[in-house]
Amino acid sequence: MSARLHILKEALRTGVVTKKYPYEPVKVPEGFRGKPSIDVEKCIGCGACVNVCPPNALSAEIDLNKSVKRIILFLGKCIFCGRCQDACPTEAIKLTREFELSTLTTNDLYQVVELKMAKCEICGKPYATIRQVLFTAKSVPKDQRPLLLLCSECRSKVSAKYISYARW
Amino acid sequence: MHISTTKILDSLSKYGKIEKVHENTYFVEVSADKVREVSEILHWKLGGHFSVTVGSDERPINGYFKVYHVFLMDKQKLSIIVHVKVNPVVPKLPSITPIIPGANWHEREVHDFFGIFFEDHPNLERLILPYDWPKGVYPLRKDVSIRGLRSKLLKNNAESEGKRKAEEEGYIVPIGPYHPALHEPEYFELYVDGEKIVDAKYKGFHVHRGIEKVAEEKLTINQIPFIAERICGICGYTHNVAYCQAVENAAGIEVPLRAKYIRSILLEIERIHSHLLWFGVLFHLLGFDTGFMMTWLIREKIMDLAEVLTGNRKNYGLNLVGGVRRDINSEKIEFSLKTLNYVETKLRSVLDKMLKLKEVISRTKNIGLLNRNEAKKLSVVGPVARASGIDTDVRKHHPYAAYSEVEFKVPVYDEGDVYSRALVRYDEVFESINILKQLLKNIPKGNIMADEVKIPEYRKGLGLTEAPRGENVHLVITGRDNKIYRWRPRAPSYNNIPSTLIMLKGENLADAPAIIASIDPCFSCTDHLVIIDIKRNIKRRIRLKELARRRQC
């Protein structure tokens, strides 16, 4: 009998614990992994996040006609693991503390970043976003920077030529 | 009686070549006619237990199918994997089920997925594949691609066996337990005589998602931990760790000690929340909803703790091959210790009293019996085995993560009833709090990710963890191009569910919910029961929750 009384006492002492969500907001701790969001100003469109995303919530597409690259984030697939945040070289994509994602239109779950692409100096094909070229230039020695203006195929042709000159 | 490691290896060496893959893990290649003999020696004579059977299509590598039987020797801290080459033209192998009944499901799964025929298997029917699956299509074979599979299934669907059978025998598939949208559609059929259960049947795997195939074909090595975490909705992190350990073992990657500590900390947090959830479910099924709400209220503190440490209540997403992704700072350690102290005192005052209630004891004591011999035959694991007198705990016997650095006891009870399963979990919750306190106090400084993570191709690795429900085994064969060649996760409930059929026989119908729940089979209220009255031959279908409620009045 005493066990039962003890439990009853404990239950009465605890009282009502149900929170009146959504009328009463729920606090989440620091470092909570919520909805990812891309900072359009910082994104260079390199696609590092696309490569690591486990559920393929992030994807990239290249529009050759408009010569733009799009990074597309679809929250409907997102598992909020934060791998994109780890991989991003410019801290453009970050997980926020927002978690209320229910919506009536699927379009609300998309974020699209559109970035202009640079065209190859030789063949004229769009090969990388302008921002990515500029970002890469920072870590490339000055004398080799002109090579960044070429697409990967033309670049390998040109550098092969340089190597053969060097041999002669 | 203690048998030394060398003696075991000596007795195995006459059957075939022994290859040490990583620490305490040996692969023994035997010929097909010796499989049964070796299995009998390992399971019944040398004190080990059968854990999992893994099939693998290695025709692109060496021209054969392979079957791996994994045995764990708890006393010697050894894992022995017996592997056999299977002829690709006539794939057949002697079954080990006549000797170890626990291998029943495992062999049927290999038969389903690879088309390997097991001779003398008592019941080599389909286990996982549905009835309308086309004949002769074995989904995990390497020459079957996901895309090809889809078109094959669409084409064959019209003339499928299942549909024809349904038309001939005139039954229709009920929505309910088979509906893929409901989570956990287990399906039990109970045959009753009045109130007594005479026999029971189980049909499962309605939501087998084929994630092994997806992982092998589409995902890269570091994407798989996240899908592994979603195998279970309650103890996902343990699968995540087991997978990472399997790959690390295969590649010989040394994980920094701090990362190991963090893994152990979260595994124990997961265990506490899972066990408290189980207590809540048990009390709820017994009609004791005060107990259900109070244990879940305390569990909420643990969920909050996980959220602070990892950024999410569940799905911690913390592991990669080689280490962990988030560090723990001193503030978080302090918060954890404070929460744990609170939880410990609360549990001591509440849970302790609840388990002493007359009603709880009378509904659980001497109910759902599973004796030691039956448990050994079916090779059950975790709390179910420990409540039946088998001392087995991967944390103790095959130490992984940081468990070799801490002191803890493994509770073992001999009664084998629902009550002792509750007591095992009760003791384990407090052991986990004890382990957590040690880990949090002694966590060393250092990196949380290995410096170099290189994964050579076609290496094998075994990853073991003690999930809240028991031993969890992942076998991995690494592949080319940052991919996994074969990955077989085996969750503990796979070994435990067959034991419910034994527990249910001869019990009262009213006790069925508690018995089924006592093995902690990731339980949900969507489960359905069919009750068949053998005298009046009436079939009724009701929800398990309703049964629990009805029997209270």
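Read on for a plain summary of the structure.

1. Brief notes about the overall build of chain A
Turning to step 1, where the next piece is worked out: When helices and strands are tallied, chain A shows five helices and six strands.
Turning to step 2, where the next piece is worked out: A compact globule built from 168 residues would reach a C-alpha radius of gyration of about 15 Å, whereas chain A, at 26 Å, exceeds it by more than 25%.
Turning to step 3, where the next piece is worked out: Out of the 168 residues in chain A, the part that is buried amounts to 36%.
Turning to step 4, where the next piece is worked out: A separation threshold of at least 6 residues defines the contact pool for chain A, and within that pool the share at least 24 residues apart is 64%.
Turning to step 5, where the next piece is worked out: With an accessible surface of roughly 11,400 Å², chain A has 55% of that area assigned to carbon and sulfur atoms.

2. As for the overall build of chain B
Turning to step 1, where the next piece is worked out: When you go through chain B residue by residue, the secondary structure sums to 20 helices and 16 strands.
Turning to step 2, where the next piece is worked out: Out of the 553 residues in chain B, the part that is buried amounts to 60%.
Turning to step 3, where the next piece is worked out: Considering only intrachain contacts with a sequence separation of at least 6, the fraction spanning at least 24 residues in chain B is 68%.
Turning to step 4, where the next piece is worked out: Here chain B displays about 22,300 Å² of accessible surface, and carbon together with sulfur accounts for 51% of that area.

3. Some details on the packing of aromatic side chains
Residues and elements named next belong to chain B.
Turning to step 1, where the next piece is worked out: Following the criterion strictly, the structure yields 15 aromatic pairs over all chains and no others.
Turning to step 2, where the next piece is worked out: For the pair Phe-50 and Phe-71, a centre-to-centre distance of 5.8 Å together with 70 degrees between the ring planes defines the contact as edge-to-face. Taken together, the residues span a long stretch of sequence, with Phe-50 in strand β3 (residues 49–58) and Phe-71 in strand β4 (residues 64–73) at a distance of 21 residues.
Turning to step 3, where the next piece is worked out: By relative accessible area, Phe-50 is classed as buried at 0%.
Turning to step 4, where the next piece is worked out: The exposure class assigned to Phe-71 is buried, which follows from its relative accessible area of 0%.

4. Here's the deal with the pairing of strand β8 (residues 187–193) of chain B
Residue and element names in this part refer to chain B.
Turning to step 1, where the next piece is worked out: The element β8 is largely enclosed, with a buried count of six among its seven residues.
Turning to step 2, where the next piece is worked out: Taken together, the seven bridges between β8 and strand β9 (residues 196–203) define a ladder with antiparallel strand orientation. Considered in β9, the bridge of Glu-189 is made with Lys-201.
Turning to step 3, where the next piece is worked out: Where β8 folds back onto β9 in an antiparallel hairpin, the turn is made up of two residues, including Gly-194, whose phi is positive at roughly 65 degrees.

5. Some details on the interface of chain A and chain B
Turning to step 1, where the next piece is worked out: The interface of chain A with chain B comprises 23 residues on the first partner and 27 residues on the second.
Turning to step 2, where the next piece is worked out: Of the roughly 2,000 Å² buried between chain A and chain B, counting both surfaces, carbon and sulfur atoms make up 55%.
Turning to step 3, where the next piece is worked out: Of all residues in chain A, Ile7(A), Arg33(A) and Arg83(A) bury the most surface against chain B, accounting for 30% of the area lost on that side.
Turning to step 4, where the next piece is worked out: Taken together, the connections running from chain A to chain B amount to three salt bridges.
Turning to step 5, where the next piece is worked out: Taking the shortest distance from any N to any O, the salt bridge between Arg325(B) and Asp86(A) comes out at 3.1 Å.
Turning to step 6, where the next piece is worked out: Where chain A touches chain B, the interface holds 12 residue pairs in polar contact (both at pLDDT 80 or more).
Turning to step 7, where the next piece is worked out: Listed by contribution, the elements that provide at least two residues to the side of chain A that touches chain B are α1 (2–14), α2 (48–52) and α3 (83–87) of chain A.
Turning to step 8, where the next piece is worked out: At seven residues, α1(A) tops the list of elements feeding residues into the side of chain A that touches chain B.

6. Some details on the environment of Val473(B)
All names here are of chain B.
Turning to step 1, where the next piece is worked out: Note that Val-473 resides in strand β13 (residues 470–478).
Turning to step 2, where the next piece is worked out: C-alpha separation for the pair Val-473 and Leu-462, spaced 11 residues apart in sequence, amounts to 7.2 Å.
Turning to step 3, where the next piece is worked out: When neighbours within four sequence positions are excluded, Val-473 is seen to be in contact with Ser-51, Val-52, Leu-462, Gly-463, Leu-464, Arg-488, Pro-489 and Arg-490.

7. Here's the deal with the side chain of Thr53(B)
All names here are of chain B.
Turning to step 1, where the next piece is worked out: Relative to the helices and strands, Thr-53 is located in strand β3.
Turning to step 2, where the next piece is worked out: Judged by its relative accessible area of 1%, Thr-53 is buried.
Turning to step 3, where the next piece is worked out: Side-chain polar atoms of Thr-53 contact the side chain of His-69, separated by 2.9 Å.
Turning to step 4, where the next piece is worked out: Discounting residues that sit within four places of it in the chain, Thr-53 has contacts with Val-67, Tyr-68, His-69, His-106, Val-110 and Arg-488.

8. Observations regarding the pattern of salt bridges
Turning to step 1, where the next piece is worked out: Considering all chains together, one arrives at 39 salt bridges over all chains under this definition.
Turning to step 2, where the next piece is worked out: In the salt-bridge network here, residues are joined through shared partners; they are Glu268(B), Arg271(B), Arg386(B), Asp393(B), Arg395(B), Glu428(B) and Glu466(B).

9. A closer look at unusual backbone geometry
Residue and element names in this part refer to chain A.
Turning to step 1, where the next piece is worked out: Cis geometry marks the peptide bond from Tyr-21 to Pro-22, where omega comes out at 5 degrees.
Turning to step 2, where the next piece is worked out: Structurally, Pro-22 is set in the loop between α1 and β1 (36–38).
Turning to step 3, where the next piece is worked out: In this structure, Glu-91 takes a positive phi of about 55 degrees despite not being glycine.
Turning to step 4, where the next piece is worked out: Along the chain, Glu-91 falls in the loop between α3 and β4 (93–95).

10. Remarks on the environment of Ile79(A)
Turning to step 1, where the next piece is worked out: Note that Ile79(A) resides in the loop between β3 (68–74) and α3.
Turning to step 2, where the next piece is worked out: In the structure, Ile79(A) is positioned 19 residues away from Ala60(A) in sequence and 18 Å away in space, judged by C-alpha atoms.
Turning to step 3, where the next piece is worked out: Contacts of Ile79(A), omitting those with residues within four sequence positions, involve Pro54(A), Pro55(A), Phe226(B) and Arg230(B).

11. Here's the deal with the packing of helix α4 (residues 104–114) of chain B against helix α18 (residues 493–504) of chain B
Residue and element names in this part refer to chain B.
Turning to step 1, where the next piece is worked out: Where α4 contacts α18, the two axes come as close as 9 Å, and the packing angle between them is 120 degrees. In terms of orientation, α4 lies oblique with respect to α18. Contacts between α4 and α18 pair Trp-105, His-106 and Glu-109 from the former with Tyr-494, Asn-495, Ile-497 and Pro-498 from the latter.
Turning to step 2, where the next piece is worked out: Residues of the contact of α4 with α18, tallied by class, amount to four nonpolar, two polar and one charged.

12. Focus: the sheet that holds strand β14 (residues 484–490) of chain B
All names here are of chain B.
Turning to step 1, where the next piece is worked out: In space, the three strands of this open sheet follow the order β12-β13-β14, with antiparallel pairing throughout. With one partner strand each, in any of the chains shown, β12 (460–467) and β14 form the two edges of the open sheet. With strand direction ignored, the average angle separating the axes of adjacent strands in the sheet is 15 degrees.

13. Quick notes on the nonpolar core
Turning to step 1, where the next piece is worked out: Counting residues in each nonpolar core, the largest one holds 144 residues, and the members touching the most others are Ile80(B) and Ile269(B).
Turning to step 2, where the next piece is worked out: Per-element accounting of this core gives the leading share, 13 residues, to helix α10 (residues 257–285) of chain B.
Turning to step 3, where the next piece is worked out: Filtering out sequence-adjacent residues up to four positions away, Ile269(B) remains in contact with Ile302(B), Leu305(B), Ala306(B), Leu309(B), Tyr316(B) and Leu436(B).
Turning to step 4, where the next piece is worked out: Residues Val50(A), Cys53(A), Ile71(A) and Cys78(A) belong to the second largest nonpolar core, which totals 20 residues.

14. A look at the pairing of strand β6 (residues 126–129) of chain A
In regular strands, side chains alternate between the two faces of the sheet.
Residues and elements named next belong to chain A.
Turning to step 1, where the next piece is worked out: As defined by bridge partners, strand β5 (residues 110–119) adjoins β6 across three bridges and the pair is classed as antiparallel. Counted as the bridge partner of Lys-119 is Pro-126 from β6.
Turning to step 2, where the next piece is worked out: Connecting β5 to the antiparallel partner β6 that follows it, the hairpin turn spans six residues, and Gly-124 within it adopts a positive phi of roughly 80 degrees.

15. A short note on helix α1 (residues 5–13) of chain B
Residues and elements named next belong to chain B.
Turning to step 1, where the next piece is worked out: Turning to α1, its buried residues number three or more, namely Ile-8, Leu-9 and Leu-12. Seen along its axis, α1 keeps its buried residues to an arc of 95 degrees; they face one direction. Across from the buried face of α1, at angles greater than 90 degrees, the exposed residues are Thr-6, Lys-7 and Asp-10.

About the cut-offs
Residues numbered from 1 in each chain as written. Chains lettered and ligands numbered in written order. Predicted model: local features only at pLDDT ≥ 70, side-chain atom pairs only at ≥ 80, totals over all residues. Heavy atoms only, no water. Helix = DSSP H or I, 4+ residues; strand = E, 2+ residues; numbered from the N terminus. Rg over C-alpha atoms; globule rule 2.2 N^0.38 Å. Buried < 20%, exposed > 50% of the residue type's maximum accessible area, 1.4 Å probe, protein only. Contact = heavy atoms within 4.5 Å. Areas by Shrake-Rupley, 256 points an atom, 1.4 Å probe, with all protein chains shown as cover. Phe/Tyr/Trp six-rings, centres within 6.5 Å; stacked < 30°, edge-to-face > 60°. Pairing = 2+ DSSP bridges. Buried area = accessible area lost by both parts, 1.4 Å probe. Salt bridge = Lys/Arg side-chain N within 4 Å of Asp/Glu carboxyl O. Polar contact = N/O pair within 3.5 Å; in protein donor to acceptor, adjacent residues only side chain to side chain. Axes fitted to C-alpha atoms, helices over the stretch in contact; angles between N-to-C directions. Parallel < 35°, antiparallel > 145°, perpendicular 65-115°, else oblique. Nonpolar A, V, L, I, M, F, W, Y, C, P; charged D, E, K, R; others polar. Core = buried A, V, L, I, M, F, W, Y, C linked by side-chain atoms within 4.5 Å. Arc of directions from axis to C-beta.

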